[in-house]
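Report on the structure
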Amino acid sequence: DKLTVQVFKHPELTQRVSVNTNGSVTLFKVAEPVDAVCKTEQQLARDIEAAYRKDYLRNPEVNVVVTEQMSQALAVIGAVEKPGPFFVNRRLHLLELLALAGGPTKEAGSRLMVVRPGSNADCGQEAVANVDDDKVGLFNFSIRDLQEGKQSFLMQPGDIVSVLEADLIFVYGNVNEQGQVVMKQPMTLTQAIASAGGIKPATQKG
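Here is what the cut-offs are and how they apply
- Residues numbered from 1 in each chain as written.
- Predicted model: local features only at pLDDT ≥ 70, side-chain atom pairs only at ≥ 80, totals over all residues.
- Heavy atoms only, no water.
- Pairing = 2+ DSSP bridges.
- Helix = DSSP H or I, 4+ residues; strand = E, 2+ residues; numbered from the N terminus.
- Expected span 1.5 Å × (residues − 1).
- Buried < 20%, exposed > 50% of the residue type's maximum accessible area, 1.4 Å probe, protein only.
- Arc of directions from axis to C-beta.
- Contact = heavy atoms within 4.5 Å.
- Salt bridge = Lys/Arg side-chain N within 4 Å of Asp/Glu carboxyl O.
- Core = buried A, V, L, I, M, F, W, Y, C linked by side-chain atoms within 4.5 Å.
- Phe/Tyr/Trp six-rings, centres within 6.5 Å; stacked < 30°, edge-to-face > 60°.
- Axes fitted to C-alpha atoms, helices over the stretch in contact; angles between N-to-C directions.

On to the pairing of strand S10 (residues 160–165), then. In this structure, strand S6 (residues 72–78) lies alongside S10, joined through 4 bridges in parallel fashion. Counted as the bridge partner of Val76 is Val161 from S10.

It is worth spelling out helix H1 (residues 41–55) at this point. In this model, H1 (15 residues) spans 22 Å end to end at C-alpha, consistent with the 21 Å of a helix rising 1.5 Å per residue. Looking at H1, one finds that the buried residues are Leu44, Ala45, Ile48, Glu49, Ala51 and Tyr52. End-on view of H1: buried residues confined to an arc of 165°, all on one side of the axis. Structurally, H1 contributes buried residues whose contacts are with strand S1 (2–7), strand S2 (15–18), strand S4 (34–35) and strand S5 (62–68).

Our focus in this paragraph is the pattern of salt bridges. Overall, the coordinates contain 4 salt bridges when judged by the stated rule. Close ionic contact of Arg46 with Glu49 constitutes a salt bridge, the shortest N to O distance being 2.9 Å. Of this pair, Arg46 and Glu49 both sit in helix H1, 3 residues apart, roughly one helical turn. What makes Arg46 partly exposed here is its relative accessible area of 41%. A relative accessible area of 10% places Glu49 in the buried class. A salt bridge links Glu148 to Lys150, with the shortest nitrogen-to-oxygen separation between them at 3.2 Å. Using a relative accessible area of 47% as the deciding quantity, one classes Glu148 as partly exposed. The exposed category is assigned to Lys150, whose relative accessible area is 61%.

Quick look at the nonpolar core now. Counting 21 residues, the largest nonpolar core has Leu94, Leu97, Leu112, Val114, Met155, Val161 and Val163 as its most contacted members. Looking at this core, the elements that each hand over two or more residues are S6, strand S7 (84–88), helix H2 (94–100), strand S8 (108–117), helix H4 (143–147) and S10. Not counting residues up to four positions away in its chain, the partners in contact with Val114 are Leu94, Gly137, Leu138, Phe139, Phe141, Phe153, Met155, Asp159, Ile160 and Val161. With 18 residues, the next largest nonpolar core counts Val30, Ile48, Ala51 and Val64 among its residues.

Attention shifts here to the packing of aromatic side chains. All told, the structure shown has 3 aromatic pairs when counted by the stated rule. Arranged with centres 6.3 Å apart and planes meeting at 50°, the rings of Tyr52 and Tyr56 form a pair that is tilted. Given a relative accessible area of 38%, Tyr56 falls into the partly exposed group. Summarising the aromatic geometry, the rings of Phe139 and Phe153 are spaced 5.0 Å apart at their centres and angled 45° between planes, so their arrangement reads as tilted. You can see Phe139 sitting in strand S9 (residues 136–142) and its partner Phe153 sitting in the loop between H4 and S10, a full 14 residues away along the chain. By the ring-pair criterion, three or more aromatic residues cluster together here, those being Phe139, Phe141 and Phe153.

The antiparallel open sheet is built from 3 strands, whose spatial order is S2-S1-S5. Each edge of the sheet is formed by a strand with only one pairing partner; in this case those strands are S2 and S5. Averaged over all neighbouring strand pairs, the angle between strand axes comes to 30°, with direction disregarded. Where S1 lies against S5, 6 bridges are found, and the strand directions are antiparallel. Along S5, the bridge assignment pairs Leu3 with Val66.

Attention now goes to unusual backbone geometry. Phi angles above zero are rare outside glycine, and Lys9 is one such case at about 70°. Tracing the backbone through its elements, the reader meets Lys9 in the loop between S1 and S2. Residue Lys29 is not a glycine yet carries a positive backbone phi of 65°.

Another aspect to go through is the environment of Val114. Secondary-structure assignment places Val114 in strand S8. On a C-alpha basis, the gap between Val114 and Val161 in space is 4.5 Å, while along the polypeptide they are 47 residues apart.

So this is what it looks like as structure tokens:
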């Protein structure tokens, strides 16, 4: 995120700062970074006032405004038209994020996977108390079910969506079109043979 910090009667201290990767902000004339994680604009302003009061100003009055919010970082990889990171300022459903990534490519299969790394990004007391930050959640979805509204999933900051490519199977022997068959959906042996053009007339059945 990017913040504008204004100090009343001290225009020289007005500054635009970025939140560091560790969740803190570095300010003019303040010796130590100020923690900004999980705070409202008003809460952060009070903490900045305390920091200035400690070493620099007698009675500071501070206003903080979020000017650019990029804290909800999501990523889409795999068989989509526009893979990459996406920075959003509201929560999205999985289908919305898939649309932002341009949708599946022609190489995509029928399924996608959401990886949810363990994180305290939600800032709740339960999350703060959870020390098992290495736990990773894995969720599997049918692309068709998402498109038809049969499944829905609300994204969280840090989620990674992987759209899987279609599997390949190989059909050889007494079929009309030997070679690989793209398997976008699970298929039976009969369907695989049909995808290879069917069996030749002289094939022994049984």
